[in-house]
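Chain residues, written in single-letter form:
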Amino acid sequence: MNPTDYDVIVIGAGAAGMMCAAQAGQRGRRVLLIDHAAKIGERIRISGGGRCNFTNRNISAENFLSQNPHFARSALARYSQFDFIKLVQRYRIAYHEKTSGQLFCDDSARQIIDMLRAECDAGGVQWAQPCSVHSIEQIDDNGLRFELMTDHGTLRCQSLVIASGGLAIPKLGATPFGYKVAEQFKLPVIAPKPALVPLALATETLAPLEALAGASLDVATHCEDQPREFREGMLITHRGLSGPAILQISSYWQMQEYGGGKKRPIVIDLLPGVNAADWIAPHRHSKITLASLLAEHLPKRFAQEWCALHNWTKPLAEHSRRDLDSMISTLKSWTLMPAGTLGYAKAEVTLGGVDTNALSSKTMETKTISGLYFIGEVVDVTGWLGGYNFQWAWSSGWVAGQYA
Ligand code: FDA
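A short tour of the structure in this document, coming up. (Residues numbered from 1 in each chain as written. Predicted model: local features only at pLDDT ≥ 70, side-chain atom pairs only at ≥ 80, totals over all residues. Heavy atoms only, no water.)

What about the pattern of salt bridges?
Worth spelling out the cut-off: Criterion for a salt bridge: a side-chain nitrogen of Lys or Arg within 4 Å of a carboxyl oxygen of Asp or Glu. Working definition: helices are DSSP H or I runs of at least four residues, strands are E runs of at least two. Numbering for both runs from the N terminus. Burial classes follow relative accessibility: with a 1.4 Å probe on protein chains only, a residue under 20% of its type's maximum area counts as buried, one over 50% as exposed, and anything between as partly exposed.
As enumerated under the stated definition, the model contains 13 salt bridges in all. One salt bridge in this structure joins Glu97 and Arg57, with 2.7 Å as the shortest N-O distance. Separated by 40 residues along the polypeptide, Glu97 in strand S5 (residues 95-97) and Arg57 in the loop between strand S3 (53-56) and strand S4 (64-65) bring together distant segments of the chain. Classification of Glu97 as partly exposed rests on a relative accessible area of 43%. Residue classification places Arg57 among the partly exposed positions, given a relative accessible area of 31%. Among the ionic contacts, a cluster of salt bridges with common partners joins Asp5, Asp141 and Arg156.

Dropping the structure here:
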């Protein structure tokens, strides 16, 4: 074989690309892994606060957003969270579980990068990095199907795997490369949008909340008229709302626009799990203020500022029945229309991507271009916060690695 010819070229040495290259290499394929960045796996390195939330014990297709909610099922079943946990255990990487099944390295995310590198070495994977790909042409030459013009010259391959990720955090090397390749090959792309992202509020909504900035609360969030709810932490910031409950709901809020849909407000329950009417009823005729009562469930400073903001400062006995009903409704269903998101600079992932209708869910190969595969975040499969996005990268990378 010509030294510039490969069985498989993978573009993007992130989570999905390294997994795919390692698997294809270990099957005996001659594999080249290309990345334009000088450092590999940067997104893994910074993930989970430097400890990489590498998967979640409780994963199903329900934890992913996509125009085809069933697409991820096959890959997740064929290479599950338990398979990845076994790999982590084989490399003796110590890990621990945080809330809701989230698994993190005890020590450092670098251990996951080192493990993937070692897996690539075990498959004899070759690297081209940093290396930019300038063009891709389809060819038909003795089984070779693609010709790439790159910084490292002209390279040819039988199978081409696009693992270039989404658009989140451009300063870490994110590019729209994968979407452009899809366009070149006339594959549909669901418009990418920032997801798992803080939400911005308009100045007029934000100004009265200024005194609440910095408050961190346990809340439940959902989009108006949608059943999916997240009970996690929320942070009020000087620009809007952040924290896991907001990041989770931001993806669903963004998703509403697909198919010409209109965005609805988000609804925040400040007293999740509390029947506020029953809880307040015994105090209905007392001298206690709502702020004092709320301090049983909410941070004291927040309770005070919140009540001052709504002019609920009198003893409860002096408030009318209507006042009380309105208080309860505001506390249980604080309804806000975000002005937008804080964009890709603050997003963890990209919603949308290569339309799954164009791909085989079993192999990740495109249905129309033989030998062309898309894996990981570049595909229209977006996980919840909590290790789901890496599992999608491992699962989609693994299956493509069996066929590419
Ligand atoms: P990924 O982005 O990992 O890799 C893409 C690779 O392609 C990069 O190496 C890039 O340099 C390369 N590339 C891009 N354009 C190219 C081009 N034109 N030419 C060549 N190469 C190119 N998820 C999770 O499950 N648990 C977590 O703890 C976190 N934490 C987290 C924190 C932060 C701050 C962010 C931004 C994201 C997370 N995520 C996460 C999400 C997770 O990082 C993400 O879903 C996966 O890394 C996606 O893996 P991919 O391999 O698809 O893309």
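Additional details are given in the paragraphs that follow.
Let's talk about the packing of aromatic side chains
To keep things clear, this is the line we draw: Here is the rule: rings of Phe, Tyr and Trp (six-membered ring for Trp) pair when centre to centre is within 6.5 Å. Planes less than 30 degrees apart are stacked, more than 60 are edge-to-face, and the remainder are tilted. A ring is considered to have a charge above it if a Lys NZ or an Arg CZ atom is located within 6 Å of its centre and within 35 degrees of its normal.
On inspection of all chains with the given rule, the structure shows 13 aromatic pairs. Ring geometry for Phe54 versus Tyr95: centroids 5.7 Å apart, planes at 85°, classification edge-to-face. On the criterion of sequence distance, the pair formed by Phe54 in strand S3 and Tyr95 in strand S5 is long-range, its members being 41 residues apart. Clustering of aromatic rings is evident, with ring pairs tying together Phe54, Phe84, Tyr95, Phe390 and Trp394. Across the ring face of Tyr6, the terminal group of Arg30 is positioned such that the distance to the ring centre comes to 4.4 Å. One Lys or Arg, Lys263, reaches over the ring of Trp253 and ends 4.0 Å from the middle of that ring.

Observations regarding the pairing of strand S19 (residues 349-354)
Put simply, the rule is: When DSSP finds at least two bridges between two strands, those strands are taken to pair.
By the criterion of burial, S19 is predominantly enclosed, with six of the six residues buried. Examined bridge by bridge, strand S11 (residues 189-195) and S19 share five bridges and lie antiparallel to one another. Across the sheet, Lys193 pairs through a bridge with Leu351, a residue of S19.

Details of the site of the ligand
Where we set the bar: The criterion for a residue being near a molecule or strand is simple. One of its heavy atoms has to lie within 4 Å of it. As used in this structure description, the phrase polar contact means that two N or O atoms lie within 3.5 Å; if the pair is within protein, one of them must be able to donate a hydrogen and the other to accept it, and residues adjacent in sequence are counted only when both atoms belong to side chains. Under the convention used here, a 1.4 Å probe and the Shrake-Rupley method define accessible areas, while residue burial counts only the protein chains that appear. Note on residue categories: nonpolar means Ala, Val, Leu, Ile, Met, Phe, Trp, Tyr, Cys or Pro, charged means Asp, Glu, Lys or Arg, and polar means any other residue, Gly included.
Within the structure, the ligand sits among 31 residues, and Ala16, Asp35, Thr175, Glu377 and Phe390 are positioned closest to it. Measuring from an oxygen atom of the ligand, one finds a backbone N or O atom of Ala16 at 2.8 Å. Between a nitrogen atom of the ligand and a main-chain N or O atom of His36, the distance comes to 3.3 Å. Contact with the protein chains removes 92% of the 1000 Å² of surface that the ligand exposes when unbound. Mapped by element, the contributors of at least two residues to the shell around the ligand are helix H1 (15-26), helix H2 (42-46) and helix H13 (388-403). If you tally residues by element for the shell around the ligand, the top one is H13, at four residues. Residues that form the shell around the ligand fall into these classes: 14 nonpolar, 13 polar and four charged.

Details of helix H4 (residues 81-90)
Selection criterion: Directions drawn from the helix axis to the C-beta atoms are what define this arc. Working rule for contacts: check all heavy atoms of both residues, and any pair within 4.5 Å makes them a contact.
Every buried residue of H4 is listed here: Gln81, Phe84, Ile85, Leu87 and Val88. Along the axis of H4, the buried positions cluster into a sector of 155°, meaning they face one direction only. Relative to its buried face, H4 has exposed residues pointing more than 90 degrees away, namely Lys86 and Arg90. Packed against the buried residues of H4 are H1, S3, S5, strand S6 (102-105), helix H5 (110-122) and H13. The N-capping residue of H4, defined by a side-chain oxygen 3.1 Å from the backbone nitrogen of Phe82, is Ser80. Positive phi shows up at Arg92, right after H4, with a value of about 55°.

Just geometry here; none of it tells us what the structure is for.
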